[in-house]
Structures are given as structure tokens and as C-alpha cells.
Amino acid sequence: MSPPRVLIGCLNIGNNIQLLARGFREIGFEVKTAAAARNGNFYAHDFDFDLAPLHALAAESIARDEYPEWVVDDPRFAPLFDFDLYVFVASHTLLPGLFDLPLLKARGKAIISFQTGSEIRFWQMARTFNAAYGHIFPDDLVPKIASTPKHMGEVAAWPRYLDVLSNKLHNIRMAERYADALFSQPRANVLGVRPYMAAILPLDASRCTARIPGRTHPVVVHAPTNPAFKQSALIMQTLERLWKEGVGFELRLLRNLPNERVLEALTDADVLIDQIYCGKPGLLGYEGMASGCVVLGGNLEDPTPVPHRALPVIDIVPDRIFETFREVLGGSRDARVAAAEAGVRYLAEGHHTPARIAQYLIEGLERSGKRDWDYYPCQYIERPEVPSKEVVPAYLKEMTLEVMADFGVPPGFDGGPLERAGLLPGGWQAHRDQLRPWDLTGARRTFWGHVGAGAIYPQARG
């Protein structure tokens, strides 16, 4: 019997395509990869399928407001539609606008949507989310213009990262409507209405060399790919203040370097200052731990309660950033060494190996089929926010209702906030009987929704 075939694409954020491909191969899948564009100069770009020609042709259909169903039967592209399982990273799929998702669903394919953050994070509600946990959403990330699209084709033609409400709603609703399993995090999925699984990042720790220099005056690395998002300005201001007060350290600021060069710098560093972030670290934070650095970054428990059990990252909160930096950089050498050793031990346990994450995705696919989810989102349902200049297209309102009819709503659901915000279709009350409440037995309430009883650190299961 031939192994199941999986296609993984289609934007290599954090090298996730290559890492997941390796993991699925290690657990017995036949794997192919696909991408439509290069993602900077940070990671490899060798993929089995180049989607650029397909995207260009499909974009012409979308511009004419035509649904590109012809791609399935086109012999040039038919092989792309012949896999058993599809894993799509960051709302980038085979076609612009995620228009391939209903085509794949109609062909009985299994679909996993693996969300990484900014493709679904809407700035206005993310700002509210951050404020609830004592964080600041950077003003530099707030778009300077608003737009009102008129139809689905117009939204689908936009870049996936355009931070306009309709664009972010399109990205998440298409995944919620058609994916068999959705993996994300509360800090990003502020527009969600469908329950979902916790996203865990894969890491190839073998590419990192663990070395703990143990310097009295630490070497500090800061390597922002997006300085505004990582709040580098505040980080640099704080470091400058520490330096003026006599705290000894050496700063190495890295920008636009290949990942191999960044890893070399981490191996030689004592401390990595990753980002000021409401939640858990990204890939760089894990690479820092695996390289023997003390890592300062996001590590609040409540916004993202699983799967990171006792994660050895020192949390940075804006109103205590100076005190935190002074405690770490101006503190004892032995304390820094102990913190770095804890990070190395954590990564050595193998929680983020590609094979383990691939297996975790398969388990999440199975759990989703049983309606056993990690997270139950409520922020959009209870406290939706719409910029004053934006009007949401009708198809997104209809999709919201369809998703809730398929996957349920919070017990005691009140559609009033969504209706008053103009986010439900007219006459939606006629479908109220289809909106069945979630089973939240054993769940825990948070600001953004509910943590399900089944949200257990995956390696602790059974």
C-alpha cells in the first residue's frame, strides 16, 4: 500500500514549509512542496512546484470576477490537485484568494490550515487584545488608509497581508469554512468564530549549536525582521538607557541576514532580545534557546496557555521592560547561565522537532473530526470592532453565519453585537435554530474565549 501523499505550501514563513515537509516524511508520508514566491533571503527556496504561472493565470480570471474552476482540469496544473492531504501555511494556497479550498473540498481532499499570525491578525482588534494583557500594539502597524471592497473577487486579488478588515476576514473565513483542521493562536486569530487547535512551531534544532559563553558582560543579539512588530525602537531606547547607567554589555544588531548567519551570531551570544510580544515566542526565540542564549520575549501564559509548559523565556512587558533588562543584563553571570541551560534542556526534550509537529497536526486533524478543540474564540462574536470607513462585503457576512452553523456558537449566543456592527446578513435570525452551542464542559474562560478541556500539552497525552 502506497503512503499517503501530502502537499505543503505555499509561503515559507519561518521555513515552515521545509520543516513540515521533513516532519511528514519522517512519519511516513510522501511529500511535495509548492510556493508561488520567494520569502526574502532567509531560508531555502527549493520547492517541487512553482505556483507563479498558475497564480498569474488565475489572477486574470479573478480580475474578470470569474471563479477559476478550470484549473482543476488543466493538464498543466492537474497534478497539484491529486494529493490526499494539503497543509497550507499563512493563508497562502494553490490559488490567489484561497479559491482552491472549495475545489479541493469538493474533491474530498483533507485540508489543514496552519496560521502563523499576521495573515489573520486584524490591527484594531489586536490592539484591544494586547491592551487586555498590558501590551501595546505598535502604531506603525496601523494602516494609514481604509478600503471598502465591493465583492469577493476584489478582496481575493489583494495581498494576504494587507491589514484591512475585509482582507483578514476573507483569509480566516475561507480557512474556517473549508479546512478540516485549523491551527492558530488567540493572539492572532482575533476574528475567528470557529474553534481551532493550538499552533506549535517546528524547529530543526540540529542547525543550532548550543554554546553558553557565560560572559560577565553579556553579548546581546537583537535581530528583527520587522522592527515595528518587534517594537525594536522601545528595545533600543531601553538598552541605551541601561548603557548610560553603566550596565555593561555588547549589542549586536542584525538585519536582513540569511538564517545561517543569524544562527552563528546566536551561538556566540549570551542573550537574545527577541520581541515585545503578547503571547509566546516565534521561531527566532526557539533558535535562541537551542543556541544557548538567555531569551527575552513574549511568554505570557493566559493569551496562549498551551502547549508551552514552563517555557524558559523571560517575558517582556512594556511597563517593566527597563527593570527586566537590568535584572538580566546587569544581573549575575550564574543566573544568565542557568537560564540559558534551561532553554537548551527544553529544546533537547524534542517538543518542536519536525516529526513531532507533523504527528501533532495529524492528531489535531483527527481531534477536529471529533469536535475536540483547544481554543473556542469569542472576541469577534462578543466585541467586534469595525473601522468607521469600512463596509464588509455581503459574502463575508454570509460566510460568518455558515461557519457558525457548521461549528457552533458560545452557549447563550447573542448575535446582537455582530448584527449592530453590520457583520451578519439580513434575516440571520431565521437560522438561529442551526446555531448549536459548543460543549464547553471542563473549559476555562479567558478574555478572548475559552480554553478547551482537551487543550493538553501534546506530549503529555495518554
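Relevant structure appears above.
This text gives an overview of the structure that appears in the document. Residue positions are given per chain, counted from 1 along the sequence in the order it is written. Where local features are concerned, this predicted model is filtered to residues with pLDDT of at least 70; where side-chain atom pairs are given and counted, the filter is 80 or more; whole-chain, interface and lining totals use all residues. Note that the side-chain values use all heavy atoms of the structure and ignore hydrogens as well as water.

### Description of the overall build of the chain
This is how it is decided: For the purposes of this entry, the term helix denotes a DSSP run of H or I that reaches at least four residues, the term strand denotes a run of E that reaches at least two, and both are numbered from the N terminus. Here the radius of gyration uses the C-alpha set of atoms, whereas the globule reference equals 2.2 Å times the residue count to the power 0.38. The rule is simple: take the accessible area with a 1.4 Å probe, protein chains only, and divide by the maximum for that residue type; under 20% is buried, over 50% is exposed, in between is partly exposed. Two residues form a contact once any of their heavy atoms are found within 4.5 Å. Residue-level accessible areas treat just the shown protein chains as cover; the underlying method is Shrake-Rupley with a 1.4 Å probe. Charged residues are defined here as Lys and Arg on the positive side and Asp and Glu on the negative side; His and the ends of the chain fall outside this count. Here the site of a charge means NZ on Lys, CZ on Arg, CG on Asp, or CD on Glu.
A tally of helices and strands in the chain yields 16 helices and 15 strands. The C-alpha radius of gyration of the chain comes to 22 Å, within 12% of the 23 Å expected for a compact globule of 462 residues. Once the C-alpha set of the chain is aligned to its principal axes, its extents read approximately 65 × 50 × 45 Å. A burial count over the chain gives 58% of its 462 residues as buried. Within the chain, residue pairs in contact and separated by at least 24 positions form 73% of the contacts whose partners lie at least 6 positions apart. When the accessible surface of the chain is split by element, carbon and sulfur atoms take 52% of a total near 18400 Å². Put simply, the chain has 49 plus and 54 minus side-chain charges, and the middle of one group is 2 Å from the middle of the other.

### Let's talk about the environment of glutamine 359
Within the secondary structure, glutamine 359 is located in helix α13 (residues 354–369). Along the sequence, glutamine 359 and glycine 192 sit 167 residues apart, while their C-alpha atoms lie 25 Å from each other.

### Structural notes on the side chain of asparagine 171
Counting through the fold element by element, asparagine 171 comes out in helix α6 (residues 165–178). The exposure class assigned to asparagine 171 is buried, which follows from its relative accessible area of 0%. If sequence neighbours within four positions are ignored, asparagine 171 has contacts with Ser91, Leu98, Glu119, Ile120 and Arg160.

### With respect to the packing of helix α1 (residues 16–26) against α13
Between two packed helices, what matters for the description is the angle formed by their axes and the separation of those axes. As a reminder, the rule being used: To get an axis, a line is fitted to the C-alpha atoms, and for a helix only the part in contact is used. The angle between two axes follows their N-to-C directions and goes from 0 to 180 degrees. The cut-offs work like this: below 35 degrees is roughly parallel, past 145 is roughly antiparallel, 65 to 115 is roughly perpendicular, and the gaps in between are oblique.
Closest axis-to-axis distance for the α1/α13 pair is 7 Å, and the angle between their directions is 80°. Comparing their axes, α13 and α1 come out roughly perpendicular. The residues of α13 that touch α1, namely those facing Leu19, Leu20, Arg22, Gly23, Phe24 and Glu26, are Pro354, Ala355, Ile357, Ala358, Leu361 and Ile362.

### Notes on the pairing of strand β4 (residues 85–89)
Rules: Criterion used throughout: strands pair if DSSP finds at least two bridges between them. Seen with its strands pointing away from the viewer, a crossover is right-handed when the path leading from the first strand over the helix to the second is clockwise.
Most of β4 sits out of view: 5 of its 5 residues are buried. Neither face of β4 is exposed, since Leu85, Val87 and Val89 on one face and Tyr86 and Phe88 on the opposite face are all buried. Alignment of strand β1 (residues 5–9) against β4, held across 4 bridges, turns out to be parallel. Paired with glycine 9 across the bridge in β4 is phenylalanine 88. Note that β4 and strand β5 (residues 110–114) share 5 bridges and pair parallel. Its bridge partner lying in β5, phenylalanine 88 is registered against serine 113. Of the crossover connections in this fold, the one passing from β4 over helix α3 (residues 100–106) to the parallel β5 is right-handed.

### What to know about the sheet that holds strand β7 (residues 197–198)
In spatial order, the strands read β3-β2-β1-β4-β5-β6-β7; together these 7 strands make up an open sheet with parallel pairing. If you trace the sheet from one side to the other, it starts and ends with β3 (49–50) and β7, each paired once. Bridging between β1 and strand β2 (residues 30–35) involves 4 bridges; their strand directions are parallel. By the bridge assignment, leucine 7 is partnered in β2 with lysine 32.

### Points about the sheet that holds strand β15 (residues 449–451)
For sheets, the rule is that strands pair by backbone hydrogen bonds, running either parallel or antiparallel. If you trace the 3 strands from one edge of the open sheet to the other, you get β13-β15-β14, paired in antiparallel fashion. Edge positions in the open sheet fall to β13 (375–377) and β14 (444–445), since each of these has one partner strand only. Where β13 and β15 come together, 3 bridges link them in antiparallel fashion. Bridging from a neighbouring strand, tyrosine 375 pairs with valine 451 of β15.

### Digging into the pairing of strand β11 (residues 294–297)
Residue alternation in β11 divides its side chains into two sets, Val294 and Leu296 and Val295 and Gly297, and both sets are buried. With 3 bridges connecting them, strand β10 (residues 271–273) and β11 associate as parallel partners. Bridge pairing in β11 links valine 271 to valine 294. Remark: the β10/helix α10 (residues 283–290)/β11 crossover connection has right-handed handedness. Sheet topology places β11 next to strand β12 (residues 314–315); 2 bridges connect them, and they run parallel. Across the sheet, the residue bridging to leucine 296 is isoleucine 314, located in β12.

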